[in-house]
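Results of the structural survey
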Amino acid sequence: MLFPISGETCSGSLCTCLYTLMLSYLLNYSPDKKFNLQEIPEVEEYDFIVVGAGSAGCVVANRLSEVNDWKVLLLEVGKEEPLIANIPGFLKYLGLTEFDWEYKTQPESSLIGENKEITWHFGKVMGGSSAMNGMYYVRGNREDFDNWEKMGNPGWSYKDVLPYFLKSENNLDPEVVKNNPNYHGTGGYLSVQTFPYLTEEGKILLNAYQEQGHNLTDPNAVKQLGVTLSQLTAGNNFRSSTNIAFIRSIRGIRKNLFVKSQSLVTKIIIDAKTKKTIGVEYTSLKTNVTKTILVRKEVIISGGVVNSPQLLMVSGVGPSEELKKHSIEVIKDLPVGKNLHDHVSAPGLSAKKENNETTPKTCEKNMENLFHYLTEREGPLAGSVEFMFLCFSKTVFEKKDVPDILITMDALNENEIAIKPALLSIKSRGYLALNEKDPVRGAPLIYPGYLTEKEDVDRLIDGIRLTIDILNSTVMRKNKFIFDKKPLDSCQSLEFNTYDYWLCFLKNKFTTDFHPVGTCKMGKEDSQGVVDSRLKVHGIQGLRVIDASVMPVVPLGNTNAPTIMIAEKGSDMIKEDWL
C-alpha cells in the first residue's frame, strides 16, 4: 500500500498533527537543495550530456566526470531526493506523489482473460527508482549474463560483468565478505548491508523455508537457489540510492560536473543527413524556458525502460510506422519500444492465526519509532519488515540449476505471514507506443504482454504451489499460523487449489514486480537490437543508451544492481573510446 502525504491540513490529535508535519517536512526537505540556491552559468557546449539521473545515469555522470578535462551535464526531470526517501521504513511514501511517474499499463488480452490496468511506480526524482525501490541488492544468475553474450553481445558474460558489480559495491557485512571474498567488493560508492534485524515471525518463516528445503545462501555468490536475509542497498540503515552514492558524494566537489534537476529533455538533436548527435533540447520546469545544449562527444540516454524509448522515438529513432503515425521524421528505423517484458507476481497468499487481530500502531508508537530511528538509526524504520527475506526457488518446469521463482513477502506480523511468488523466467513480450495526443510529454502507451505465453502461466501457478507448501508447513502450523484457504469471492464457483481456480486467482490478483526491461534491446541490428554491445544506438553517431532498457533478457533477480553494473561497464566503454 502507498501513502501519499499532505501536510497542508491536520484534523486530529496533537500527536497526529505533529507526526503528519514531520512526515511532510521529511518529504519536502532535501540536503541537495543547497546546490540550486544560485544559478550555475550555462556552458555553451558539454563533452557529455547524460539524460536521466536514475539508477544508471547517476553512475555514468560520476564515472565520466572522473576525467577532469571533460565537462559533463546531468539532466533530471524530477526534483532533488527528499530526506524521507532515505529512511528504509518509509520506502512506500514516495508513491502517488510528485516523485512518482505513476505510469499505467493498457488493458490487453492474455491467457487469463482481459488484463487489468496496473500502475507502474517509478522514481521521478534524483536517484530515480533507486530512491523508492525495495533496496534489494540482487545481481541475477551467472547464466543470465552468459546468455546475453550468446545472443550476440561480446563482453557481457558473467566473467566480464562481475568486476563491475565488485567495482560499485561497498559491502558493510564482514561475514558476507569473509564467506565469499571473490564475489563481494568493499571499496565502491554503493553501500550494501544485510537486513538489520530478525523478528520472531521472521524466525518462524525462515524455519519454514528451511523445512521445505530452501537452505541459506548468498544469492550474489556461487549458488543463487535458497533463502537469504536480504542484502540491501543501504549503509548504517540509510538508503543508498545512486544519487546518494554516486552524486551526493561528489556534487559541488567536481567542478566539471553540472547537475540540473527539474529539467525535461524533449528531444535529442540528430543531423538527419550525417546521423550525428548534435545536442539536446530541454525545458527547465522551474522557469519554463526551453534551451538547446550542444555536445562535443556523446549524449547518453539513461531515462529507463519507458522514458528512454520515448525520447528516442520523438527524436526520430524508432519503428518507422510508429514515427510516421505522429508525423515524426524517421532518422533511423529501429525496433525501439519492442521486447518489453517484466517479472509478475501473485500476491494474496497467507497464513494467519485464528481469532486474532493485529493491534494497530498508535500515533505515539509511530512517533517513538521515528525518534528512535532519527537518533539511533535503529528500530522498525531501519528496514521495512516486508523486505526481510528473499527465497529463490525453481518449479517443475525449470530443468537447469537456476531459479525461475522468487518468493518475497507481503506481510509479516504477530498474526499474519503473507508471501508471494514472482515469476523470474519470462517468455511473454509486450511493447510500448507513443502517446497519441502528446507524444513528447504524454505518458507512453504500455502494453506489457503479461501472461500471454502458457509457459509463464504454468510456471507461476507452480510457484503458487511452492508458496503454499511453505505457508502450510509443519513449522507454520506448530506456531499456529494456518494457511488461509478462503477462496476469492469471484472464484468461489471453482474448486479451490485446482488449475482453473488459480487461473481465476491470477486474473484477479497478479501484478508487476516492477522489473520491466528490454525496450532498447542490446544486440545486433539484424536481431532486433536497438544498441550494439557497446551500447551505441545502431546507425547514430554519438548516442548511447545506458539503463535497464538495454537488457536483452531480464535477469533472474532484481534489476537495480544489474542496471548499476551496466552503467559502470558502459562508462568504461566510453572512456576506452575517447581516451
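The structure this text deals with has already been given above.
Described below are features of the structure shown in this document. Worth saying up front: this structure is predicted, and the values here are computed from it rather than measured.

1. Some points on the overall build of the protein
When helices and strands are counted, the protein shows 14 helices and 28 strands. For the protein, the C-alpha radius of gyration of 23 Å lies close to 25 Å, the compact-globule estimate for 579 residues. Burial analysis of the protein (579 residues in total) assigns 61% to the buried set. Within the protein, residue pairs in contact and separated by at least 24 positions form 71% of the contacts whose partners lie at least 6 positions apart. Looking at the protein as shown, the accessible area adds up to about 23200 Å², and 50% of this sits on carbon and sulfur atoms. Distance between charge centres in the protein, computed from 65 positive and 72 negative side chains, equals 3 Å.

2. Re the state of the cysteines
For the structure shown, the criterion picks out 2 disulfides. Disulfide pairing is shown between Cys15 and Cys363; the S-S distance is 2.1 Å. Sign of the S-S torsion, about -95° for the bond between Cys15 and Cys363, identifies this disulfide as left-handed. Residue Cys15 is found in helix 1 (residues 14-28), and its partner Cys363 is found in helix 10 (residues 363-376); the two are separated by 348 residues along the sequence. Its relative accessible area of 15% is what places Cys363 among the buried residues. With a sulfur-sulfur separation of 2.0 Å, Cys491 is cross-linked through a disulfide to Cys504. Across the S-S bond linking Cys491 and Cys504, the dihedral sits near -90°, which makes this disulfide left-handed. Of this pair, Cys491 sits in the loop between strand 26 (482-483) and helix 13 (499-509) while Cys504 sits in helix 13, placing them 13 residues apart in sequence.

3. Some details on the pairing of strand 23 (residues 416-423)
Most of strand 23 sits inside the fold, with 7 of its 8 residues counted as buried. Where strand 19 (residues 344-345) meets strand 23, 2 bridges bridge the pair, whose relative direction is antiparallel. Across the sheet, Val344 pairs through a bridge with Leu423, a residue of strand 23. As paired strands, strand 20 (residues 350-352) and strand 23 are joined by 3 bridges and run antiparallel to one another. Each residue of the ladder has a partner; that of Lys352, found in strand 23, is Glu416. Relative to strand 23, strand 22 (residues 405-413) is paired through 8 bridges, and the arrangement is antiparallel. Following the sheet pairing, Asn413 is matched in strand 23 by Glu416. If you look at the hairpin formed by strand 22 and strand 23, you'll find 2 residues sitting between the two strands.

4. Some words on the pairing of strand 13 (residues 257-260)
In strand 13, alternate side chains face the same way, and those of Leu257 and Val259 on one face and Phe258 and Lys260 on the other are all buried. Pairing between strand 2 (residues 72-75) and strand 13: 4 bridges, direction parallel. Bridge assignment links Leu73 to a residue of strand 13, and that residue is Phe258.

5. With respect to the environment of Pro380
Relative to the helices and strands, Pro380 resides in the loop between helix 10 and strand 21 (389-393). Residue classification places Pro380 among the partly exposed residues on the basis of a relative accessible area of 35%. Counting along the chain gives 320 residues from Pro380 to Val60, while the straight-line C-alpha distance between them is 34 Å. With near-sequence residues (within four places) excluded, Pro380 lies in contact with Gly89, Tyr197 and Asn369.

6. Some thoughts on helix 11 (residues 454-471)
Because the α-helix completes a turn every 3.6 residues, residues three or four places apart line up on one side. In this model helix 11 runs 26 Å from its N-terminal to its C-terminal C-alpha over 18 residues, within 8% of the 26 Å that 1.5 Å per residue would give. With 14 of 18 residues buried, helix 11 is to be regarded as a mostly interior element.

7. Remarks on the sheet that holds strand 8 (residues 190-194)
If you trace the 3 strands from one edge of the open sheet to the other, you get 7-8-10, paired in mixed fashion. Of all the strands in the sheet, the pair left with one neighbour each is strand 7 (169-171) and strand 10 (231-232). Bridge count for strand 7 against strand 8 is 3 bridges, and the pairing is parallel. Paired with Asn170 across the two strands is Ser191, which belongs to strand 8. Along the sheet face, helix 4 (residues 158-168) touches strand 7 and strand 8 and points at about 60° away from the line of strand 7.

Conventions we followed
Residues numbered from 1 in each chain as written. Predicted model: local features only at pLDDT ≥ 70, side-chain atom pairs only at ≥ 80, totals over all residues. Heavy atoms only, no water. Helix = DSSP H or I, 4+ residues; strand = E, 2+ residues; numbered from the N terminus. Rg over C-alpha atoms; globule rule 2.2 N^0.38 Å. Buried < 20%, exposed > 50% of the residue type's maximum accessible area, 1.4 Å probe, protein only. Contact = heavy atoms within 4.5 Å. Areas by Shrake-Rupley, 256 points an atom, 1.4 Å probe, with all protein chains shown as cover. Lys, Arg positive; Asp, Glu negative; His and termini not counted. Charge placed at Lys NZ, Arg CZ, Asp CG, Glu CD. Disulfide = S-S within 2.5 Å. Pairing = 2+ DSSP bridges. Expected span 1.5 Å × (residues − 1). Axes fitted to C-alpha atoms, helices over the stretch in contact; angles between N-to-C directions.

Function cannot be inferred from these measures alone, as they are strictly geometric.
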